Amino acid sequence: MKQHIAHFALVVDDYDEAINFYTKKLNFDLIEDTVLSPDKRWVLVAPKGSKETSILLAKAANERQKNYIGNQTGGRVFMFLYTDDFWRDYHKMSADGINFVRLPVKENYGTVAVFEDLYGNQWDLLEPK
């Protein structure tokens, strides 16, 4: 049996603001943007070259969901963006205003730094050994 994770939801405050951040700042591809109702869209973004997993940008629908924007994991690193060239991406992201909350370090598993998305969710930028 073969399985894979196709999408995971990331609660956001505004579709267009989130699309702009992920496509302009992180250089992700906009895979789909389909209007489902006046208040709901199906918006998928993914890193360039990603084959199986994408992020569903899900606009918070109520106050409870709004409370989790930027803190879906209680302050832990939420997502892990693997790269084939850490320093290329780190320098581009820094120049584009991405906030790195932990500076680059070489670990036994690779080079890593932690950054925040536009809502404060933490990500690892990681080039594995």
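Above: the structure in question.
Rules used in this analysis
Residues numbered from 1 in each chain as written. Predicted model: local features only at pLDDT ≥ 70, side-chain atom pairs only at ≥ 80, totals over all residues. Heavy atoms only, no water. Pairing = 2+ DSSP bridges. Helix = DSSP H or I, 4+ residues; strand = E, 2+ residues; numbered from the N terminus. Axes fitted to C-alpha atoms, helices over the stretch in contact; angles between N-to-C directions. Contact = heavy atoms within 4.5 Å. Core = buried A, V, L, I, M, F, W, Y, C linked by side-chain atoms within 4.5 Å. Buried < 20%, exposed > 50% of the residue type's maximum accessible area, 1.4 Å probe, protein only. 1 Å grid on protein atoms, 1.4 Å probe; cavity = no way out; pocket = protein on both sides within 12 Å on 5 of 7 lines; lining within 4 Å. Points joined across faces, edges and corners; volume = space filled by probe spheres on them. Nonpolar A, V, L, I, M, F, W, Y, C, P; charged D, E, K, R; others polar.

S.K.: Can you help me understand the pairing of strand β4 (residues 54-59) in this one?
M.R.: Consecutive side chains of a regular strand alternate in pointing toward one face of the sheet and then the other. Summarising the sheet, strand β1 (residues 7-12) and β4 pair through six bridges and their orientation is parallel. The partner of H7 across the bridge, within β4, is S54. For strand β3 (residues 40-46) and β4, the ladder comprises three bridges, and the chain directions are antiparallel. Pairing of V43 across the sheet is with L57, part of β4.

S.K.: What exactly am I supposed to notice about the sheet that holds β1 here?
M.R.: Note: strands within a sheet are paired through backbone hydrogen bonds, in either parallel or antiparallel orientation. On the basis of which strands lie adjacent, the open sheet formed by four strands has the order β1-β4-β3-β2 and mixed pairing. Pairing within the sheet leaves two strands with one partner each, and these edge strands are β1 and β2 (29-37). Direction aside, neighbouring strands of the sheet carry axes that sit 25° apart on average. Strand contacts of helix α1 (residues 15-25): β1, β2, β3 and β4, with the helix running at about 10° to β3, the strand carrying the most contacts.

S.K.: Explanation requested: the nonpolar core in the structure shown.
M.R.: In globular proteins that are soluble, nonpolar side chains generally tend to be buried together. Formed by 28 residues in total, the largest nonpolar core has its most connected members in Y22, L57 and F115. Of all the secondary-structure elements, those providing two or more residues to this core are β1, α1, β3, β4, β5 (77-82), α3 (86-95), β7 (110-116) and β8 (122-128). Beyond its immediate sequence surroundings of up to four residues, Y22 is in contact with L10, N27, F28, V45, L57, D117, L118 and W123.

S.K.: Explain the layout of surface pockets to me, please; I cannot follow it from the model alone.
M.R.: In this approach a probe as big as a water molecule rolls over the atoms, and the regions it shows empty are the leftover space. Within this model, the largest pocket holds a volume of roughly 290 Å³. Contributing elements (two or more residues each) for the lining of the largest pocket: β5 and α3. Examining the composition of the lining of the largest pocket, we find that four residues originate from one element, α3, more than from any other. Broken down by class, the residue content of the lining of the largest pocket amounts to seven nonpolar, two polar and six charged. Each pocket or cavity is described by its volume, and for the second largest pocket that value is around 230 Å³. Taken together, 13 residues line the second largest pocket, and the ones lying closest to its centre are P47, S50, T53, F80 and L81. Elements supplying a minimum of two residues to the lining of the second largest pocket: β4 and β5. The element best represented in the lining of the second largest pocket is β5, accounting for four residues.

Limitation: the analysis is restricted to geometry and does not speak to function.
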